[in-house]
Amino acid sequence: MTHDDATSFRVSSESFEDGQTLPPAQRGAATGAGAKDESPQLSWSGAPDGTLGYAVTVFDPDAPGRGGFWHWAVLDIPAATTSLPAGAGSRPGGHLPPGAFQLKNDGGSTGYMGAAPPKGHGPHRYIVTVHALDVAHSGLDSGAHPAKLEAKLAPHTLARASLTGIYERH
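Presented here is an overview of the structure given in this document.

How each quantity is defined
- Residues numbered from 1 in each chain as written.
- Predicted model: local features only at pLDDT ≥ 70, side-chain atom pairs only at ≥ 80, totals over all residues.
- Heavy atoms only, no water.
- Helix = DSSP H or I, 4+ residues; strand = E, 2+ residues; numbered from the N terminus.
- Rg over C-alpha atoms; globule rule 2.2 N^0.38 Å.
- Buried < 20%, exposed > 50% of the residue type's maximum accessible area, 1.4 Å probe, protein only.
- Areas by Shrake-Rupley, 256 points an atom, 1.4 Å probe, with all protein chains shown as cover.
- Pairing = 2+ DSSP bridges.
- Core = buried A, V, L, I, M, F, W, Y, C linked by side-chain atoms within 4.5 Å.
- Contact = heavy atoms within 4.5 Å.

1. Focus: the overall build of the protein chain
Inference 1: When helices and strands are counted, the protein chain shows one helix and eight strands.
Inference 2: A globule of 170 residues ought to have a C-alpha radius of gyration of about 15 Å, and the protein chain, at 15 Å, matches this closely.
Inference 3: With the principal axes as the frame, the protein chain shows a C-alpha extent of 45 × 30 × 30 Å.
Inference 4: For the protein chain, the residues scored as buried account for 48% of the 170 residues in total.
Inference 5: Carbon together with sulfur atoms contributes 52% to the accessible area of the protein chain, which is approximately 8,000 Å² in total.

Okay, structure coming up:
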């Protein structure tokens, strides 16, 4: 059962403002100057009582094809963790807290994959969500596909906090 009305649970980022255009650092490296495939800095607070761990996801629901595009998924983040530095989603994952791990994104690589919508496709939303969970371990391993993540996390999600970045390629 989710408690999405847990209004005290919030996420913020030093990398971008909710509802604003993603800066070059959070864009896909192939999109142009300054783009680095760098995961955003995230901080969260106010998780509900009973939170034993977190997951962080970045999803583009506007991607062409079926079901959107998963850009990042981090699981088994310890309950004592309340932030991730910019770049935590680098391919080796060296900036993640002990025990946390990343799934492969829909591009087929492990780690954060920056925003890179097709040219002329219009603005895309990149939804960054922190899931407060009633379990410390997701029960998934690094080989799991992010699309399976929602079904696995749903029964353990106490609350979600989200930010949305926007990006469009002309």
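2. Comments concerning the sheet that holds strand S6 (residues 101-102)
Inference 1: Sheet architecture is open: five strands sit in the order S6-S4-S3-S7-S8, paired in antiparallel fashion. Edge positions in the sheet fall to S6 and strand S8 (157-167), since each has one partner strand and no second.

3. Let's talk about the nonpolar core
Inference 1: By size, the foremost hydrophobic cluster in this structure holds 26 residues, and its most contacted members are Phe9, Leu42, Trp44, Val56, Trp72, Ile77 and Leu84.
Inference 2: Listing elements by their share of this core, those giving two or more residues are strand S2 (42-45), strand S3 (53-60), strand S4 (69-78), strand S7 (124-133) and S8.
Inference 3: If we skip the residues at most four places from it in the chain, tryptophan 44 touches Phe9, Arg10, Val11, Tyr54, Val56, Ile77, Thr81, Thr82, Ser83, Leu84 and Val130.
Inference 4: Leu75, Phe101, Leu103 and Leu133 belong to the second-largest nonpolar core, a separate cluster that totals eleven residues.

4. Topic: the sheet that holds strand S5 (residues 83-84)
Inference 1: Within the open sheet, the three strands sit side by side as S1-S2-S5. Their pairing is antiparallel. Two strands close off the open sheet at either side, each with one partner strand: strand S1 (10-12) and S5.

5. A closer look at the environment of valine 130
Inference 1: One can find valine 130 in strand S7.
Inference 2: Counting along the chain gives 27 residues from valine 130 to threonine 157, while the straight-line C-alpha distance between them is 10.0 Å.
Inference 3: Those residues within four positions of valine 130 in sequence are excluded, and the remaining contacts are Phe9, Val11, Trp44, Tyr54, Ala55, Val56, Ala159, Arg160 and Ala161.

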